[in-house]
Amino acid sequence: MRNMKGEDAYVSPLHFRQFKAMRNAPTTLGLLLSSLVLSGCASTVETANVEQPAQSKSLCQTSLVKLDTDFPTGNIASCKASGKTRFDITLAPEDAPPINCSAWYAFRLTPSRAGTVTVNLTYEACGHRYWPKVSEDGVKWDYLPKKNVVVEEVDGVKQAWIKVQLGANPVFVAGQEIFAPSTYQTWLDQVSKSPDAAQWLLGKSAEGRNIPGMTIKAAGSKPKEQVVLVGRQHPPEVTGALAMLPFVETLLSDDPVAKKYRARFETVIVPMLNPDGVVRGHWRHNTGGVDLNRDWGPFTQPETKLMDGLLRKIEENPDQKLQLLLDFHSTQKDVFYTIPDEYPTNPPLFIRDWLARYQDRMPGYNVNRDARHSADRPISKAYTYETYGAPAVTFEIGDETDRGLIKRIGKESAIAMMETLLATDAP
Ligand SMILES: [Zn+2]
């Protein structure tokens, strides 16, 4: 696909053909999905209350199997059953272009007896991007085997045909592991048991969902230096989330470096800024039809306004100083989008030094940096640097980066960050 150039690229409108309005108004009600764990990723998530869209979504059925999207992150544009074991589904973004081509899908197949189901995925825009992952329990995920996936370009758009083996149980099929608000909440509940962590509510999304926050610092300390982490501005970017969890867990570890770090620095974490987009299975936007990472500066959306408030509060406190912002995302490969070293930051040359230490910790792995800056771009990196002078980085993980490697990336980049920050002069 020509149009999948990564986080900072827009797709050409030429790749968009027709759009269908997505279904409206899934609201929330509590439903317990037991043991929601992302196996091979953040090891800590065990159970979860899942926000459930109140109305039934995209249900279609053959005599042998039912397809639905009635769970958080579930989303397809339309579905048609044909024969006993075949579905034709269409996939479309939530809004007209411009949008990045993060062609998300998530649906569930519920069999009445064992067999093989064929699902044709027809993309109305962008084309197939995410390798299908399957899970029976929403806990352990597997890649659909290569022999079960055919991807073919039709009129310049990649379409996919997949076969899914069904046993007795329902199977989730999704572009990435399902990582819903409940997953974050379960994780936050677990990690914030540490005396050095505190959970709080940053605020509410446009649809009233919680946008959680967490602060990490040595218990009883009043650090003068702040590090801000933000994630999931873009709903399908699950691998960024999978890196953020071990990153944060490393900051909370018993490692002597982490203890020193927590005594000097306060880390303020907003792991999921766009819960509405996540629950609705959006490709890119919040429910205001806005790419949140193109709204830093204008701050027109309730979600980005909350980040503005958070950064202002640090700035306005004479005893605090923003030292770093990391914004976790996903794209086609692992890459750090950074401010170039020629632009002075405070602390000076932090990004250069951090990534050098990180590279040293990752033998056999190539740390990939793409340094560029345009002052007026309303993205977190440019805005934070221009407004506060702090180094700011878009921390991108590849869509299909090995999940074990993602854990290592999260851990080692966190240790390197702490060491680099501790090596700077205290204000
Ligand atoms: Zn992104």
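To be clear, the structure that these remarks concern was listed above.
Since we're looking at a predicted model, the values are computed, not measured.

Please set out the layout of surface pockets residue by residue, giving values where relevant.
By volume, the largest pocket is sized at about 210 Å³. Taken together, W200, L202, T215, E266, V268, L310, K313, I314, N317 and Q320 form the lining of the largest pocket. Contributions of two or more residues to the lining of the largest pocket are made by β14 (197–204), β17 (265–270) and α5 (302–316). At 3 residues, α5 tops the list of elements feeding residues into the lining of the largest pocket. Classifying every residue of the lining of the largest pocket by side-chain character gives 5 nonpolar, 3 polar and 2 charged.

Describe the sheet that holds strand β13 (residues 171–174), with residues and values.
Strand order across the open sheet formed by 6 strands is β3-β4-β7-β13-β9-β10, with antiparallel pairing between neighbours. Each of the sheet's edge strands pairs with one partner strand only, and the pair in question is β3 (60–61) and β10 (142–143). By the bridge criterion, 3 bridges tie strand β9 (residues 133–135) to β13 in an arrangement that is antiparallel. When the bridges of β13 are listed, K133 appears paired with A174.

Pulling in residues and values, what's your account of helix α1 (residues 181–191)?
Judged by how many residues are buried, α1 sits mostly within the fold: 8 of 11 residues are covered. For α1, the complete set of buried residues consists of P181, S182, T183, Y184, T186, W187, L188 and V191.

Kindly report on the packing of aromatic side chains, identifying the contributing residues and their values.
For the structure shown, the criterion picks out 18 aromatic pairs. Ring geometry for Y261 versus F265: centroids 5.2 Å apart, planes at 15°, classification stacked. Per residue, the accessibility class of Y261 equals that of F265, and both read buried. Taking 6.2 Å as the distance between ring centres and 55° as the angle between the ring planes, the aromatic pair formed by W296 and F299 counts as tilted. In this structure W296 comes out as buried when scored by relative accessible area, which is 1%.

Which residues make up the packing of helix α2 (residues 238–251) against helix α8 (residues 403–422), and what are the values?
Where α2 contacts α8, the axes come no closer than 8 Å and their chain directions differ by 45°. Judged on the interaxial angle alone, α8 and α2 are oblique. When the axes of α2 and α8 are compared, the crossing they make is right-handed. Here T239, L242, A243, P246, F247, T250 and L251 of α2 come into contact with α8, specifically with R403, I406, K407, G410, K411, S413, A414, I415, M417 and M418.

Lay out the side chain of T304 with the relevant residues and their values.
Relative to the elements of secondary structure, T304 occurs in helix α5. Here T304 falls in the buried class, since its relative accessible area comes to 0%. Separated by 3.1 Å, the side chain of T304 and the backbone oxygen of Q301 make a polar contact. Leave out the neighbours within four places in its chain, and T304 touches L292, D295, W296 and F299.

Please give an account of the pairing of strand β12 (residues 157–166) that cites residues and values.
As defined by bridge partners, strand β8 (residues 115–123) adjoins β12 across 7 bridges and the pair is classed as antiparallel. Among the inter-strand pairings, V117 is bridged to a residue of β12, identified as V164. Bridge count between strand β11 (residues 149–154) and β12: 6 bridges; the pairing is antiparallel. Residue pairing in the sheet places E152 in a bridge with Q159 of β12. The turn joining β11 and β12, which pair antiparallel and follow one another in sequence, is formed by 2 residues; a positive phi near 50° is taken by D155.

Can you tell me about the nonpolar core, naming the residues and giving the values?
Core analysis: the largest hydrophobic core is formed by 51 residues, its most contacted members being L229, L326, W354 and M417. For this core, the element with the most residues is α2, which contributes 9 residues. Ignoring any residue separated from it by four or fewer positions in sequence, one finds M417 in contact with V227, F247, L251, Y261, L324, L326, F350 and W354. Core analysis: the next-biggest nonpolar cluster, separate from the first, contains 37 residues, C60, F71, I76 and I178 among them.

The rules we used
- Residues numbered from 1 in each chain as written.
- Predicted model: local features only at pLDDT ≥ 70, side-chain atom pairs only at ≥ 80, totals over all residues.
- Heavy atoms only, no water.
- 1 Å grid on protein atoms, 1.4 Å probe; cavity = no way out; pocket = protein on both sides within 12 Å on 5 of 7 lines; lining within 4 Å.
- Points joined across faces, edges and corners; volume = space filled by probe spheres on them.
- Helix = DSSP H or I, 4+ residues; strand = E, 2+ residues; numbered from the N terminus.
- Nonpolar A, V, L, I, M, F, W, Y, C, P; charged D, E, K, R; others polar.
- Pairing = 2+ DSSP bridges.
- Buried < 20%, exposed > 50% of the residue type's maximum accessible area, 1.4 Å probe, protein only.
- Phe/Tyr/Trp six-rings, centres within 6.5 Å; stacked < 30°, edge-to-face > 60°.
- Axes fitted to C-alpha atoms, helices over the stretch in contact; angles between N-to-C directions.
- Parallel < 35°, antiparallel > 145°, perpendicular 65-115°, else oblique.
- Left-handed = near helix turned anticlockwise from the far one by under 90°.
- Contact = heavy atoms within 4.5 Å.
- Polar contact = N/O pair within 3.5 Å; in protein donor to acceptor, adjacent residues only side chain to side chain.
- Core = buried A, V, L, I, M, F, W, Y, C linked by side-chain atoms within 4.5 Å.

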